[in-house]
Amino acid sequence: MSPNPKNQADWFVSTKKMTKQALKLSFQMNRQYTLSKDQYTATMHDNYMALSLAIRDRIVERWIKTQQGYHKKNLRRVYYLSMEFLIGRLMGNNMYNLGIENQVGGALDELGLDLENVREQEVDAGLGNGGLGRLAACFLDSMASLGVPAHGYGIRYDYGIFNQKIKDGFQLELPDEWLRSGNPWEFERPENTVTVHFYGKTQAGLEGKTKMKWVSTQNVLAVPYDFPVPGYKNDVVNTLRLWSARGTEEFDFDYFKSGEYDQAVYKKILSENISKVLYPSDDKSQGKELRLKQEYFFTAASMADILRRFKSENPDLKDLPQKIVIQLNDTHPTLAIAELMRLLLDEYDFEWPAAWAITTKVFAYTNHTLMPEALECWGVDLFEKLLPRHMQIIYEINAEFLKNLSLRFPGDIDRLRRMSIIEEGHPKKIRMAYLAIVGSSFVNGVSKLHSDLLKERLFKDFYEFYPEKFNNKTNGITQRRWLLKANPRLSNLLMEKVGDGWVMDLNKLEKLNKLKSDKAFGEQWMDIKKKNKESLVRYINSSMNIKLDPESIFDVQIKRIHEYKRQMLFAFYIISQYLRLKHNPREFIYPRTFMIGGKAAPSYHMAKLTIKFINSIADIINGDKSIHDKIRLVFLENYRVSLAEKVFPASDLSEQISTAGTEASGTGNMKFMMNGALTIGTLDGANIEMAHMVGEDNIFIFGLKAHEVEALKQKGYQPQSYIDKNPVLKEIFKLIQSGFFSPHDPKLFAPIVQSLTGHDPYLVCADFADYCQTQDQVSRMYINKDQWAKKSIINVAQSGYFSSDRTIREYAQDIWKVPVSQ
């Protein structure tokens, strides 16, 4: 049906309205006049675009008003810099935050369209890899919902991380063409394009001035794209600004005239590689250089943009610390510290002491790792070639820092060596985390254990020197995305029983504790879980042609594939259950469906081999009719946000089994908890706080504690001794070595055996026995559905602390010094 011509004049008025009829008209007008389609020629993707534009129209007015308000009031702003923003699909999130999901569904019904079918046309925005990017996306939602004047900055990757394809059990990486069909949620802002410089050399300024000039540079244009970030039903819309790289020269006509057609566009292509893909492989020098370019590209563009905004409202840069705070999400944006110093010194004629005083008051740094080998470092040679002026500035920062350090600890040369931003050696390296600590006013970890271990181990020297800088901000997730949107069945039950206050104050779910022993309510609770499991079963059957049993325990580990996350421990347990069914079937307790999902970095051989190993186990188990489908194993291909929204609500058991003392926090553990899954895990990251919140009877904890892990390693850990005294573990290794899981290539998994029997860096063998015993407790508990329901209810009731709203309130109060309006 085409829009009635007499209503065309009302189109613009209707964009303000949230009614079903206004949305219906807006959808029709956008489809006809923006896309030039009607109900006969429109594809399902056209309908998705038309609906997106109708929703976007209602966001834009609020967006402009929000930004005008920030400008007029000259508010203190928060700038959140992150290499990743794993925002997923935006249509559903934007509908829920505007409060129009029912009206939209009704409008489409009248037009003969199904909302879910339309929503499925949206592609996940491939702007992140895992927890870091998902956390940033949750923080954006909470900042907008709490009315925090905030802006996010990152990179608009053309191809995101990659699409994962499993072929013959191996991971293949395919381009993630998330922009191929257009993106209705972004606005290009070419008027705010920034020129970013690389290479070149430095020279002293004229007339005796101390400032330096950075000359003979190669330049790239950073073009901004803005995404609106609406808060929940509060008319606040913040901005996520992502930078896209463009060449300063689109086309070299001289090369073209001479027939050198590739050279005619070479510079353009080289420049635009910067924003092509997230985390290019760094196992070669070109990849390392491109990664460093990416980090400087987005931090330099962001700093220029931040100063432009500031100067539009404030005449004196000395007031910068009163008006802005910049949060560095991990070390990737740390170059912003050196860049601000360069701008203040070279562009605005500040003297060093004044520039440094401003800089150190502006920045705050969030650390996301406990492993020394994961701390980002850059070779001085590469850095000096690419960013010569910044190298000079970092040398000067380090010299001043070491001078102050030597005054505090005179004669302690070893301390100076340990804490120097420049790591001496061959080659010399810049320790980016150290630069972030020295150049920031606050440094925080992301769980209590993580923050404690930063002070006790990783940054012990810095904590002794700067105790006032260190604090903890335990991560959180937004309940609006991960409960309200992802789990509508459970959300509706929660609203019926405890009201809707939990959407903005998750602690209100504590009211559920009054219902935890109510048998009828427990049955309702488990029925919703079963329906969610059936939905996931249908999805997996249609997408992977695998049939699963929704009556079985859905035992799930979905996260980035990495040795410290111990997918291998889970895999070994799965093999042990297969062996139990083959050798001692009477000892088998309860059917399970095991699900594993996650991507491995393209150059991380052991992680990719782990994926192959898991799929090889699945081939054996799923193909063995003698076990009567009592266990099934599924590797969830191409794990992403939209798939996660199907998996979390359907999960019974959450695998959070990293080696104690390695996981900074985790946020997947919180998403499982919020959706009623019970957790089996080590006392690592936020698992510790989860155990405190729910009580030790409502979580399954196993394994060595962080101090015990450290003590065992100090003593001299011998994995073979654990293998020798565990017959099941011994049999598993024999099967792998015999080629049972790889009959066509018996030595395929030899690296796994060599790693785990040789040094087993993450103590898989040491924790295996306790893990298996704890898993038996899980199976026995699940048989009693009333007890399981009670524990599941308690987990959801006690999840309030893990809302990102709580985390953002703490950042706002303790670090950013900005008010929240909610």
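This write-up is about the structure you can find in this document. Just so it is clear, the structure is predicted and the values come from calculations on it, not from any experiment. (Residues numbered from 1 in each chain as written. Predicted model: local features only at pLDDT ≥ 70, side-chain atom pairs only at ≥ 80, totals over all residues. Heavy atoms only, no water.)

### Focus: the overall build of the chain
Looking only at helices and strands, the chain has 35 helices and 23 strands in total. By the compact-globule yardstick of 28 Å for 822 residues, the chain fits well, its C-alpha radius of gyration being 28 Å. Once the C-alpha set of the chain is aligned to its principal axes, its extents read approximately 90 × 85 × 65 Å. Looking at the chain residue by residue over its 822 residues, the buried ones come to 60%. When contacts within the chain are restricted to residue pairs at least 6 apart in sequence, those whose partners lie at least 24 apart make up 76%. (Helix = DSSP H or I, 4+ residues; strand = E, 2+ residues; numbered from the N terminus. Rg over C-alpha atoms; globule rule 2.2 N^0.38 Å. Buried < 20%, exposed > 50% of the residue type's maximum accessible area, 1.4 Å probe, protein only. Contact = heavy atoms within 4.5 Å.)

### A few points about helix 7 (residues 131-145)
For helix 7, built from 15 residues, the straight-helix expectation of 21 Å at 1.5 Å per residue is met to within 8% by its first-to-last C-alpha distance of 21 Å. Of the residues trailing helix 7, Gly147 is marked for its positive phi of about 75°. (Expected span 1.5 Å × (residues − 1).)

### A few points about the sheet that holds strand 20 (residues 631-636)
Read across the sheet, 6 strands follow the order 20-19-18-21-22-23 without closing on themselves; strand pairing throughout is parallel. Lying at the two open borders of the sheet, with one neighbouring strand each, are strand 20 and strand 23 (700-701). Sheet topology places strand 18 (residues 553-558) next to strand 21 (residues 653-656); 2 bridges connect them, and they run parallel. Among the inter-strand pairings, Asp555 is bridged to a residue of strand 21, identified as Leu653. Sheet strands in contact with helix 34 (residues 785-797) are strand 21, strand 22 (678-681) and strand 23, and its direction is about 85° off that of strand 22. (Pairing = 2+ DSSP bridges. Axes fitted to C-alpha atoms, helices over the stretch in contact; angles between N-to-C directions.)

### Notes on the side chain of Asn638
One can find Asn638 in the loop between strand 20 and helix 26 (641-647). Accessibility expressed as a relative area gives 11% for Asn638, which makes it buried. At 3.2 Å, the side chain of Asn638 and the side chain of Lys599 are in polar contact. In contact with Asn638, other than residues within four places in its own chain, are Phe162, Asn163, Gln164, Lys599 and Leu643. (Polar contact = N/O pair within 3.5 Å; in protein donor to acceptor, adjacent residues only side chain to side chain.)

### Considerations on the sheet that holds strand 14 (residues 422-423)
What the 3 strands build is an open sheet, ordered 13-15-14; its pairing is antiparallel. If you trace the sheet from one side to the other, it starts and ends with strand 13 (377-379) and strand 14, each paired once. Here 3 bridges tie strand 13 to strand 15 (residues 429-431), and the two strands are oriented antiparallel to one another. For Gly379, the partnering residue across the bridge sits in strand 15 and is Lys429.

### What about the pairing of strand 9 (residues 218-230)?
In terms of burial, strand 9 is a largely internal element, 10 of the 13 residues being buried. Relative to strand 9, strand 5 (residues 187-188) runs antiparallel, the two being bridged by 2 bridges. When the bridges of strand 9 are listed, Phe187 appears paired with Asp226. Relative to strand 9, strand 6 (residues 194-198) runs antiparallel, the two sharing 5 bridges.

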